[in-house]
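Observations on the model geometry
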Amino acid sequence: MKEAVVKPKEAGGEGTEAAPSDSQDFPRPLQQLHGEVVRKLRAVGNPTPELDARLLITRAIADVEGHTLSHAAYILAADRLIAPNTQHRIAALLARRVAGEPVARILGSREFYGRDFEISGAVLDPRPETETLIECVLHYVRAAEIEAPRILDLGTGSGAILLTLLAELPQATGLGTDISEQALAVAQKNARRLGLDGRATFQIANWASGIEERFDVIVSNPPYIPSGVIDSLTPEVRNHDPWLALDGGSDGLAAYRQLLPQLGRCLKATGMIALEVGAGQAHDVAALIKAFDREQQFKISFHQDLAQIERCVVALKCDVFSHHFDILMKP
Ligand SMILES: C[S@@+](CC[C@H](N)C(=O)[O-])C[C@H]1O[C@@H](n2cnc3c(N)ncnc32)[C@H](O)[C@@H]1O
């Protein structure tokens with residue numbers, strides 16, 4: 001007899017799971033299932049089949065059997081027999097991955113700067129290159145010895161940037177804005193999960209509009225993909241990251257043009273602005289900062305990610321920091 005169909009637990013799941021045609025109605029060793037999943041992922045050109053297989057199988061076991069296997073426990077469990085209903089769950093998760101859904105979307109979480117962030121269809125899957133922005137801000141706050149920085153994160157999404165900064169800077173507090181209410185609900189949930197809800201607040205806003213307070217640090221990773229390029233992105237990005245998180249208008253710079261004029265009144269005299277930019281956009285964004293900075297207050301620097309792409313544009317008020325600008329700027 002067929003095992004009962006297992007309903008996925010995560011929000012936005014795929015509904016009732018069809019039993020895969022080649023899944024078996026008898027228990028099979030984990031090692032054998034792992035090998036099969038790896039082969040199927042490899043066959044569709046998956047670049048990380050071993051890792052993805054482990055993550056999907058571990059999730060299926062957690063969903064159906066209710067316990068989580070660490071990486072080490074997974075390796076030691078090679079001979080463990082996996083029940084048919086867990087096999088059905090593995091097959092359902094595998095089908096989503098084979099269809100091009102990113103692993104983080106299937107798992108509903110993404111590791112960013114060493115912490116797990118819940119994600120949903122309403123938020124960008126946080127990217128490793130955004131850790132460059134984190135490094136720039138941490139370096140600056142520590143070098144400038146700002147004891148209890150107030151941080152504003154515009155377009156906070158999952159809250160990955162703001163919450164990481166608060167976790168790394170135990171005295172910091174911050175505000176995250178987003179135009180998407182669903183995104184803010186995810187950020188709020190992540191704040192609670194990380195025990196940071198006492199230091200983070202979230203507000204629905206069109207970038208910084210309506211915000212009257214002044215901050216030590218303003219960060220943003222706005223949407224910066226030119227509209228015409230979105231269709232040519234990989235299906236993993238195009239079909240799963242929200243349009244609102246990707247679309248930067250005709251030249252990719254629309255969000256910077258909207259948010260930059262709002263920042264002067266939100267920044268303290270000793271403040272820093274740190275913006276993530278797309279490949280090749282750093283000089284254009286610096287030019288926009290200069291255009292909005294009529295009093296020529298800001299000194300600007302660029303910071304590369306691990307792929308040597310200029311990923312972060314930082315603006316500091318030069319009159320305040322000119323004497324040790326270089327120290328403040330070199331992570
Ligand atoms: C590229 S995502 C960045 C998300 C997150 N900060 C991160 O780095 O993973 C851009 C975010 O900006 C938000 N956004 C788009 N337009 C906005 C606007 N006019 N005002 C505020 N947020 C906006 C999107 O909803 C999305 O969450």
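Anyway, here's the lowdown on the structure attached to this text. In every chain, residue numbers begin from 1 and rise along the written sequence. The model is predicted, so local features are restricted to residues of pLDDT at least 70 and side-chain atom pairs to those at 80 or more, both for listing and for counting; the totals for chains, interfaces and linings are taken over all residues.

1. Re helix α1 (residues 30-43)
Between its terminal C-alpha atoms α1 stretches 20 Å, which fits the 20 Å expected from 14 residues at 1.5 Å a residue. Burial in α1 covers these residues: Leu 30, Leu 33, His 34, Val 37 and Leu 41. The arc that holds every buried residue of α1, seen down its axis, measures 100°, which confines them to one face. Opposite the buried face of α1, at more than 90 degrees from it, the exposed residues are Gly 35, Arg 39 and Ala 43. Check the buried side of α1 and you find it contacts β1 (28-29), α2 (49-65), β2 (81-82) and α4 (84-98). Helix numbering and strand numbering both begin at the N terminus, where a helix is a DSSP run of H or I of at least 4 residues and a strand a DSSP run of E of at least 2. One or two residues past the end of α1 sits Gly 45, with phi positive at roughly 80°. Under the convention used throughout, the expected extent of a helix is 1.5 Å for every residue step, that is, one less than its residue count. Counting other C-beta atoms within 10 Å of each residue's C-beta, where C-beta atoms are placed from the backbone, gives the exposure class: buried for 20 or more, exposed for 12 or fewer, partly exposed between. The arc in question is formed by the directions pointing from the helix axis toward the C-beta atoms. Distance between backbone-placed C-beta atoms decides contact: two residues are in contact if it is within 7 Å.

2. A closer look at the environment of Val 186
Tracing the sequence through the fold places Val 186 in helix α8 (residues 181-193). A residue is classified by how many C-beta atoms lie within 10 Å of it, and Val 186, with 24 of them, is buried. Between the alpha carbons of Val 186 and Gly 121 there is a distance of 9.9 Å; along the sequence they are 65 residues apart. Each residue touching Val 186, except ones within four places of it in the same chain, is listed here: Glu 118, Ile 119, Ser 120, Ala 122, Val 123 and Ser 158.

3. Quick notes on the packing of helix α6 (residues 131-143) against helix α7 (residues 160-168)
Simply put, an axis is a line fit to the C-alpha atoms, just over the touching stretch for a helix, and the angle between two N-to-C directions goes from 0 to 180 degrees. Interaxial distance between α6 and α7 falls to 10 Å at its minimum, and their mutual angle equals 40°. As far as their axial angle goes, α7 and α6 are oblique. As α6 packs across α7, the resulting crossing turns out to be right-handed. For the pair formed by α6 and α7, the contact residues are Leu 133, Ile 134, Val 137 and Leu 138 on the first element and Ile 161, Thr 164, Leu 165 and Glu 168 on the second. Under the scheme applied, nonpolar residues are Ala, Val, Leu, Ile, Met, Phe, Trp, Tyr, Cys and Pro; charged residues are Asp, Glu, Lys and Arg; polar residues are all the others, including Gly. For the contact of α6 with α7, the residue count by class is six nonpolar, one polar and one charged. To sort the angles, those under 35 degrees are grouped as roughly parallel, those over 145 as roughly antiparallel, those from 65 to 115 as roughly perpendicular, and the leftovers as oblique. Each crossing gets its handedness from the near helix: less than a right angle anticlockwise from the far helix is left-handed, clockwise is right-handed.

4. What about helix α11 (residues 254-263)?
For the α-helix, the turn length of 3.6 residues means that residues three or four positions removed from each other point alike. Ala 255, Tyr 256, Leu 259, Leu 260 and Leu 263 are the residues of α11 that are buried. What you see down the axis of α11 is that its buried residues fit within an arc of 110°, all on one side. Looking at the buried side of α11, the elements it contacts are β5 (150-154), β8 (215-220), β9 (267-276) and α12 (282-292).

5. Quick look at the nonpolar core
Counting residues in each nonpolar core, the largest one holds 64 residues, and the members touching the most others are Val 137, Ile 218 and Ala 274. Buried Ala, Val, Leu, Ile, Met, Phe, Trp, Tyr and Cys residues form a nonpolar core when they are connected through C-beta atoms within 7 Å. Listed in part, the 17 residues of the second largest apolar core include Ala 53, Leu 93, Leu 94 and Val 103.

6. Here we look at the site of the ligand
Nearness between a residue and a molecule or strand is assessed with a C-beta atom placed from the backbone; a distance within 6 Å qualifies. Near the ligand you find 22 residues, and of these Gly 155, Gly 157, Ile 179, Asn 221 and Ala 245 are the closest. Those elements giving two or more residues to the shell around the ligand turn out to be α7, β6 (173-178) and α10 (243-246). Taken together, the residues of the shell around the ligand sort by class into 12 nonpolar, nine polar and one charged.

7. Let's talk about the environment of Lys 299
Inspection of the secondary structure puts Lys 299 in strand β10 (residues 298-304). Given 18 C-beta atoms within 10 Å, Lys 299 falls into the partly exposed group. Considering only alpha carbons, one finds Lys 299 and Val 314, 15 residues apart in sequence, at a separation of 8.2 Å.

8. Some words on the sheet that holds strand β7 (residues 200-204)
Paired strands, as defined in this entry, are two strands with at least two bridges between them according to DSSP. Read across the open sheet, the seven strands follow the order β7-β6-β5-β8-β9-β11-β10; overall the sheet is mixed. Every other strand in the sheet has two partners, leaving β7 and β10 as the edge strands with one partner each. Across the sheet, the axes of successive neighbouring strands diverge by a mean angle of 20°, strand direction being ignored. With five bridges connecting them, β8 and β9 associate as parallel partners. Counted as the bridge partner of Phe 215 is Leu 267 from β9. On the sheet, α8 packs against β6 and β7 and is oriented at approximately 175° with respect to β7. Its contacts with the sheet place α12 against β9, β10 and β11 (310-317), and it is angled at close to 20° to β11.

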